[in-house]
Amino acid sequence: MAKELDMNKYSKLFVGEARECLRILNESVLLLEKDPEHAETIDQMFRTCHSMKGMAAMMNFNSVTETAHALEDVFAAVRDKKLKVDSTVTDTILSGLDALEEMVSSIETTKTSQAKPEVVAALKAAIEKSVPPEPAKKQKPEKKPAKETQRGETTTVAIKFGRRCSLPAARAIVILK
(Lines give C-alpha, C1' and ligand atoms only; values in the text may rest on other atoms or scores of the structure.)
Protein backbone atom coordinates (compact mmCIF):
# COMPACT_ATOMS: atom_id res chain seq x y z
CA MET A 1 0.00 0.00 0.00
CA ALA A 2 1.24 3.49 -0.78
CA LYS A 3 2.73 5.43 2.09
CA GLU A 4 0.58 8.37 3.28
CA LEU A 5 2.08 11.67 2.15
CA ASP A 6 2.63 14.41 4.72
CA MET A 7 0.94 17.34 2.97
CA ASN A 8 1.89 19.67 5.85
CA LYS A 9 5.54 19.04 5.04
CA TYR A 10 4.94 19.71 1.36
CA SER A 11 2.94 22.87 1.98
CA LYS A 12 5.89 24.23 4.00
CA LEU A 13 8.14 23.36 1.08
CA PHE A 14 5.72 25.08 -1.29
CA VAL A 15 5.69 28.25 0.83
CA GLY A 16 9.49 28.40 0.83
CA GLU A 17 9.74 27.89 -2.93
CA ALA A 18 6.87 30.31 -3.63
CA ARG A 19 8.54 33.03 -1.54
CA GLU A 20 11.73 32.57 -3.57
CA CYS A 21 9.73 32.88 -6.81
CA LEU A 22 8.07 36.04 -5.52
CA ARG A 23 11.45 37.51 -4.55
CA ILE A 24 12.74 36.90 -8.08
CA LEU A 25 9.58 38.32 -9.65
CA ASN A 26 9.64 41.48 -7.51
CA GLU A 27 13.31 42.10 -8.32
CA SER A 28 12.58 41.48 -12.00
CA VAL A 29 9.78 44.06 -12.03
CA LEU A 30 12.32 46.69 -10.99
CA LEU A 31 14.59 45.64 -13.83
CA LEU A 32 11.65 45.62 -16.25
CA GLU A 33 10.78 49.19 -15.31
CA LYS A 34 14.32 50.28 -16.24
CA ASP A 35 14.41 48.30 -19.50
CA PRO A 36 10.91 47.16 -20.58
CA GLU A 37 12.21 45.21 -23.58
CA HIS A 38 15.03 43.29 -21.89
CA ALA A 39 14.38 39.76 -23.18
CA GLU A 40 16.26 37.94 -20.40
CA THR A 41 14.27 39.68 -17.68
CA ILE A 42 10.98 38.96 -19.42
CA ASP A 43 11.93 35.30 -19.97
CA GLN A 44 12.98 34.92 -16.33
CA MET A 45 9.67 36.38 -15.15
CA PHE A 46 7.71 34.05 -17.42
CA ARG A 47 9.66 30.95 -16.30
CA THR A 48 9.46 31.86 -12.61
CA CYS A 49 5.72 32.45 -12.80
CA HIS A 50 5.30 29.21 -14.75
CA SER A 51 7.18 27.31 -12.03
CA MET A 52 5.07 28.86 -9.29
CA LYS A 53 1.89 28.00 -11.19
CA GLY A 54 3.03 24.38 -11.54
CA MET A 55 3.93 24.05 -7.87
CA ALA A 56 0.58 25.50 -6.82
CA ALA A 57 -1.28 23.18 -9.17
CA MET A 58 0.54 20.15 -7.73
CA MET A 59 -0.57 21.20 -4.26
CA ASN A 60 -4.16 22.02 -5.36
CA PHE A 61 -3.83 25.69 -4.38
CA ASN A 62 -6.23 26.76 -7.11
CA SER A 63 -6.33 30.47 -6.30
CA VAL A 64 -2.53 30.68 -6.55
CA THR A 65 -2.58 28.63 -9.75
CA GLU A 66 -5.16 30.91 -11.37
CA THR A 67 -3.40 34.14 -10.39
CA ALA A 68 0.04 32.86 -11.39
CA HIS A 69 -1.43 31.71 -14.72
CA ALA A 70 -2.89 35.16 -15.38
CA LEU A 71 0.49 36.76 -14.58
CA GLU A 72 2.23 34.23 -16.80
CA ASP A 73 -0.10 35.25 -19.64
CA VAL A 74 0.86 38.91 -19.13
CA PHE A 75 4.57 38.00 -19.29
CA ALA A 76 3.95 35.94 -22.42
CA ALA A 77 2.18 38.89 -24.06
CA VAL A 78 5.09 41.16 -23.17
CA ARG A 79 7.58 38.59 -24.46
CA ASP A 80 5.64 38.18 -27.71
CA LYS A 81 5.49 41.98 -28.16
CA LYS A 82 1.70 41.97 -27.90
CA LEU A 83 1.77 44.08 -24.74
CA LYS A 84 3.95 47.10 -24.08
CA VAL A 85 5.16 47.62 -20.51
CA ASP A 86 4.07 50.99 -19.17
CA SER A 87 3.21 52.27 -15.70
CA THR A 88 -0.32 50.84 -15.90
CA VAL A 89 0.93 47.36 -16.85
CA THR A 90 3.62 47.54 -14.15
CA ASP A 91 1.01 48.48 -11.53
CA THR A 92 -1.19 45.58 -12.67
CA ILE A 93 1.75 43.16 -12.41
CA LEU A 94 2.58 44.46 -8.93
CA SER A 95 -1.07 43.97 -7.88
CA GLY A 96 -0.83 40.37 -9.08
CA LEU A 97 2.38 39.82 -7.13
CA ASP A 98 0.86 41.40 -4.00
CA ALA A 99 -2.13 39.06 -4.31
CA LEU A 100 0.18 36.06 -4.64
CA GLU A 101 2.13 37.16 -1.57
CA GLU A 102 -1.11 37.39 0.43
CA MET A 103 -2.14 33.93 -0.76
CA VAL A 104 1.22 32.39 0.14
CA SER A 105 1.08 33.97 3.61
CA SER A 106 -2.43 32.60 4.06
CA ILE A 107 -1.30 29.13 2.98
CA GLU A 108 1.54 29.31 5.49
CA THR A 109 -0.82 30.03 8.38
CA THR A 110 -4.13 28.39 7.42
CA LYS A 111 -3.18 25.96 4.59
CA THR A 112 -5.78 27.70 2.38
CA SER A 113 -5.93 30.89 0.34
CA GLN A 114 -8.65 33.22 -0.79
CA ALA A 115 -9.15 33.76 -4.53
CA LYS A 116 -8.69 37.28 -5.89
CA PRO A 117 -10.93 37.31 -8.99
CA GLU A 118 -10.62 41.10 -9.38
CA VAL A 119 -6.84 40.80 -9.69
CA VAL A 120 -7.11 37.98 -12.24
CA ALA A 121 -9.66 40.03 -14.19
CA ALA A 122 -7.34 43.07 -14.18
CA LEU A 123 -4.44 40.96 -15.47
CA LYS A 124 -6.58 39.53 -18.26
CA ALA A 125 -7.94 42.98 -19.11
CA ALA A 126 -4.39 44.36 -19.46
CA ILE A 127 -3.73 41.81 -22.18
CA GLU A 128 -7.08 42.25 -23.93
CA LYS A 129 -6.65 46.03 -24.20
CA SER A 130 -3.39 45.72 -26.08
CA VAL A 131 -3.82 42.56 -28.12
CA PRO A 132 -5.81 42.66 -31.35
CA PRO A 133 -8.18 39.70 -31.58
CA GLU A 134 -6.83 36.73 -33.52
CA PRO A 135 -8.69 35.65 -36.64
CA ALA A 136 -10.90 32.62 -36.15
CA LYS A 137 -9.12 29.36 -36.91
CA LYS A 138 -10.66 26.54 -38.87
CA GLN A 139 -11.63 23.62 -36.72
CA LYS A 140 -9.77 20.42 -37.42
CA PRO A 141 -11.67 17.17 -37.39
CA GLU A 142 -11.36 15.27 -34.14
CA LYS A 143 -8.98 12.37 -34.03
CA LYS A 144 -10.34 9.23 -32.47
CA PRO A 145 -8.18 7.80 -29.71
CA ALA A 146 -6.57 4.44 -30.29
CA LYS A 147 -8.27 1.50 -28.65
CA GLU A 148 -6.76 0.53 -25.35
CA THR A 149 -6.45 -3.04 -24.18
CA GLN A 150 -6.63 -4.10 -20.58
CA ARG A 151 -4.45 -7.10 -19.90
CA GLY A 152 -3.73 -6.48 -16.26
CA GLU A 153 -0.09 -5.81 -17.03
CA THR A 154 2.02 -3.62 -14.76
CA THR A 155 4.96 -1.48 -15.61
CA THR A 156 7.72 -0.35 -13.30
CA VAL A 157 9.18 3.06 -13.94
CA ALA A 158 12.37 4.29 -12.29
CA ILE A 159 12.92 8.02 -12.18
CA LYS A 160 16.15 9.64 -11.14
CA PHE A 161 16.07 13.34 -10.26
CA GLY A 162 19.15 15.38 -11.09
CA ARG A 163 21.05 17.21 -8.39
CA ARG A 164 19.73 20.57 -9.55
CA CYS A 165 16.10 19.47 -9.75
CA SER A 166 13.93 21.94 -7.87
CA LEU A 167 11.20 20.51 -5.65
CA PRO A 168 12.01 16.81 -6.12
CA ALA A 169 9.56 15.85 -3.37
CA ALA A 170 6.72 17.78 -4.99
CA ARG A 171 7.54 16.24 -8.34
CA ALA A 172 7.41 12.81 -6.70
CA ILE A 173 3.86 13.59 -5.52
CA VAL A 174 2.80 14.30 -9.10
CA ILE A 175 4.32 11.03 -10.26
CA LEU A 176 2.54 9.08 -7.52
CA LYS A 177 -0.80 10.65 -8.43
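Here, the structure is the one placed above.
Procedures and definitions
Residues numbered from 1 in each chain as written. Predicted model: local features only at pLDDT ≥ 70, side-chain atom pairs only at ≥ 80, totals over all residues. Heavy atoms only, no water. Helix = DSSP H or I, 4+ residues; strand = E, 2+ residues; numbered from the N terminus. Buried < 20%, exposed > 50% of the residue type's maximum accessible area, 1.4 Å probe, protein only. Contact = heavy atoms within 4.5 Å. Expected span 1.5 Å × (residues − 1). Phe/Tyr/Trp six-rings, centres within 6.5 Å; stacked < 30°, edge-to-face > 60°. Lys NZ or Arg CZ within 6 Å of the ring centre and 35° of its normal.

A.B. asks: Which parts of the structure should I look at to understand the overall build of the protein chain?
C.D. replies: Helix and strand counts for the protein chain come out as 6 helices and 0 strands. For the protein chain, the succession of helices and strands along the chain, N to C, is α-α-α-α-α-α. When burial is assessed residue by residue, the protein chain has 33% of its 177 residues classed as buried. If you take every contact in the protein chain between residues at least 6 apart in sequence, the share linking residues at least 24 apart comes to 70%.

A.B. asks: What is the right way to look at helix 2 (residues 39–58) in this model?
C.D. replies: Since there are 3.6 residues in each turn of an α-helix, residues three or four apart along the chain are aligned in direction. Compared with an ideal rise of 1.5 Å per residue, which puts 20 residues at 28 Å, helix 2 spans 29 Å between its outermost C-alpha atoms and is within 8% of the ideal. Of all the residues in helix 2, the buried ones are Thr-41, Ile-42, Met-45, Phe-46, Thr-48, Cys-49, Met-52, Lys-53, Met-55, Ala-56 and Met-58. Asn-60 sits one or two residues past helix 2 and shows a positive phi near 60°.

A.B. asks: Teacher, can you tell me more about the packing of aromatic side chains here?
C.D. replies: How two aromatic rings sit relative to each other is set out by the distance from centre to centre and by the angle between their planes. If you walk through the whole model with that rule in mind, you get 1 aromatic pair. When the centroid spacing of 5.0 Å and the interplanar angle of 50° are considered together, the rings of Phe-14 and Phe-61 count as tilted. Of this pair, Phe-14 sits in helix 1 (residues 7–34) while Phe-61 is found in the loop between helix 2 and helix 3 (62–79), placing the two residues 47 residues apart along the sequence. Since its relative accessible area comes to 9%, Phe-61 is described here as buried. Over the face of the ring belonging to Phe-46 we find Arg-79, whose NZ or CZ atom lies 4.4 Å from the ring centre.

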